[in-house]
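Secondary and tertiary structure notes
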Amino acid sequence: MLSALRSMASTITRTPILRAISARSYSQVLPVSGNPSVEPKTCTLPNKLVVAAVDNDASLTRVSVVFRAGSRNEKADNLGATHVVRIAAGLSTKNASQFAIIRNIQQVGANLTATSDRETISYTLEGTRSAVEKALPYLAEVATNQEFRPWELSELSNRLILDILTRPLQLRAIDLLHNAAYRSKGLGNSLFIPKSQVGKVSSETLQHYVANNFVAGRAAVVGTGISESLLNQFAASLEIPNGEGSTNPSPYKGGELRSNKGGPLAFVAVGGEGAPLKNTKEALAFAVLQKAVCAGPQIKYGVLDNGVYSKALGGSSDVSACAVNVSYSDSGLFGILLAAPAGSVGKAVQSAVKVLKSGSVTDADVQRGKNQLKTSILLNAESGADVVRDLGTQAVLSGAPHSANALAAAVDSVSTSDVQSALRKAGGKLTLASIGNINDVPYLDELK
């Protein structure tokens with residue numbers, strides 16, 4: 001039930017050590033990810049570490065160690081710590097050198113990635129079952145025994161700058177949307193380190209950040225294509241300190257941020273408050289609303305969909321748009337992200353606000369949204385990387401992950417009135433973020 005935003009951010013920020021090569025088997029019966037209907041087997045260890053296993057006969061095994069240590073937990077004195085921790089995956093640890101980690105993972109043909117978003121940071125090992133079993137000690141080292149040696153950290157500055165400079169403008173618009181909606185802390189923190197902080201986040205700062213957030217009460221170990229007993233054994237062996245960490249409430253505020261970068265296009269994100277993950281019914285209603293408003297083209301090389309926003313635009317083909325729906329543990333954002341030529345962006349933004357303020361969707365739109373959402377959930381269940389990512393997020397944030405089939409079945413319980421209530425909430429107090437050539441982008445107080 002993750003939004004497109006979370007998936008996009010995770011893809012952009014992953015740090016591969018080795019990309020595994022996969023081949024299709026002509027005798028394959030199940031998809032590579034295995035049987036998507038298998039229910040997760042979940043338990044909580046005495047130290048409150050959540051463990052969730054899906055032994056689904058997958059050809060590839062994936063094991064992920066996840067912590068509630070995303071960028072929302074950063075403070076003014078350690079901004080960018082999550083970004084540095086993420087790209088430091090694979091550096092020397094207490095018991096293994098950088099060379100040993102890379103060589104041994106590559107030798108068995110496995111792959112290790114680090115991903116993060118505003119709430120979580122995860123370390124995922126994937127490969128064949130035998131490869132993962134052999135490489136599990138190195139996953140434990142990377143995820144729980146970091147040392148952040150100063151001479152190795154100093155070599156990461158160029159990588160940090162590269163990450164900052166290669167951010168696409170649509171991702172920067174989403175970053176600005178969060179910053180405007182939640183101000184300059186909590187969920188308003190960027191996924192990326194500020195330029196002014198590059199080279200200034202010390203080893204001691206990172207050790208302190210990890211010590212406060214990489215604790216058992218804020219962690220989960222999840223796996224697909226692996227037995228429950230083996231995953232429980234691995235989780236119990238991890239040297240994760242006990243503790244709950246501290247909560248960091250981040251209430252929705254609303255506001256506006258603009259960044260004039262010039263160029264031929266304007267990228268605008270406009271939206272309002274969404275649903276927290278802890279409210280499952282409301283979160284499902286917003287997920288349906290996302291598909292009903294603007295799911296994007298469903299036909300290859302197409303430019304339009306049949307959503308509410310496309311209808312409001314009158315079939316204009318020079319605007320690219322998609323609805324954004326992201327749910328966090330205690331809050332959420334819902335809106336529309338659009339890209340348009342600078343001269344015509346004003347009308348596109350006004351149409352987006354009109355949709356958000358309307359508070360009304362038809363039964364036909366809701367039914368179409370439900371159909372598309374169920375298809376999306378089940379398609380993601382056949383992608384092994386998506387399965388373990390969603391499983392990890394649910395486990396670490398709610399402690400009770402659900403199978404794709406259970407989520408798809410729950411979509412049927414969403415009514416038109418639920419979706420309309422969600423739209424009214426999103427349109428109540430708006431936030432606007434824009435970047436690019438924004439001379440013709442209306443200001444928030446000009447939009448009705």
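These remarks concern the structure in this document.

Conventions used here
- Residues numbered from 1 in each chain as written.
- Predicted model: local features only at pLDDT ≥ 70, side-chain atom pairs only at ≥ 80, totals over all residues.
- Heavy atoms only, no water.
- Axes fitted to C-alpha atoms, helices over the stretch in contact; angles between N-to-C directions.
- Helix = DSSP H or I, 4+ residues; strand = E, 2+ residues; numbered from the N terminus.
- Parallel < 35°, antiparallel > 145°, perpendicular 65-115°, else oblique.
- Contact = heavy atoms within 4.5 Å.
- Polar contact = N/O pair within 3.5 Å; in protein donor to acceptor, adjacent residues only side chain to side chain.
- Buried < 20%, exposed > 50% of the residue type's maximum accessible area, 1.4 Å probe, protein only.
- Nonpolar A, V, L, I, M, F, W, Y, C, P; charged D, E, K, R; others polar.
- Pairing = 2+ DSSP bridges.

Take the packing of helix H10 (residues 280-294) against helix H16 (residues 416-426) next. Contact pair H10 / H16: the axes reach a minimum separation of 8 Å and the direction vectors enclose 85 degrees. Taken as axis vectors, H10 and H16 run roughly perpendicular relative to one another. Residues Lys281, Glu282, Ala285, Phe286, Val288 and Leu289 of H10 touch H16, and the partners they reach there are Asp418, Val419, Ala422, Leu423, Lys425 and Ala426.

Take the side chain of Arg368 next. As for its placement among the helices and strands, Arg368 is situated in helix H13 (residues 363-380). A polar atom in the side chain of Arg368 sits 3.1 Å from the backbone oxygen of Asn306. The residues contacting Arg368, other than those within four sequence positions of it, are Lys291, Ala292, Asn306, Gly307 and Val308.

Once that is clear, we can look at the environment of Val108. Within the element layout of this structure, Val108 appears in the loop between helix H3 (98-107) and strand S4 (111-116). Overall, the relative accessible area of 29% leaves Val108 in the partly exposed class. Along the chain, Val108 and Glu133 lie 25 residues apart, while their C-alpha atoms are 9.8 Å from each other. Residues in contact with Val108, not counting those within four places in the same chain, are Ala131, Lys134 and Ala135.

Now for the packing of H13 against helix H15 (residues 404-411). One can describe the packing of H13 onto H15 by two numbers: an axis separation of 9 Å at closest approach and a directional angle of 175 degrees. When the axes of H13 and H15 are compared, the pair comes out roughly antiparallel. Residues Lys370, Leu373, Lys374, Ile377 and Leu378 of H13 pack against Ala404, Asn405, Leu407, Ala408 and Val411 of H15. By residue class, the composition of the contact of H13 with H15 is seven nonpolar, one polar and two charged.

Judged by pairing direction, the sheet is mixed, and its six strands sit side by side in the order S1-S2-S6-S3-S5-S4 without closing on themselves. Every other strand in the sheet has two partners, leaving strand S1 (41-44) and S4 as the edge strands with one partner each. Direction aside, the axes of adjacent strands within the sheet are offset by 15 degrees on average. Sheet analysis places S1 next to strand S2 (residues 50-54), joined by four bridges and oriented antiparallel. Within S2, the position partnered with Thr42 by the bridge is Ala52. Contacts from helix H14 (residues 384-398) reach S2, strand S3 (61-67), strand S5 (121-127) and strand S6 (219-224) within the one sheet, and its direction differs from that of S6 by about 150 degrees.

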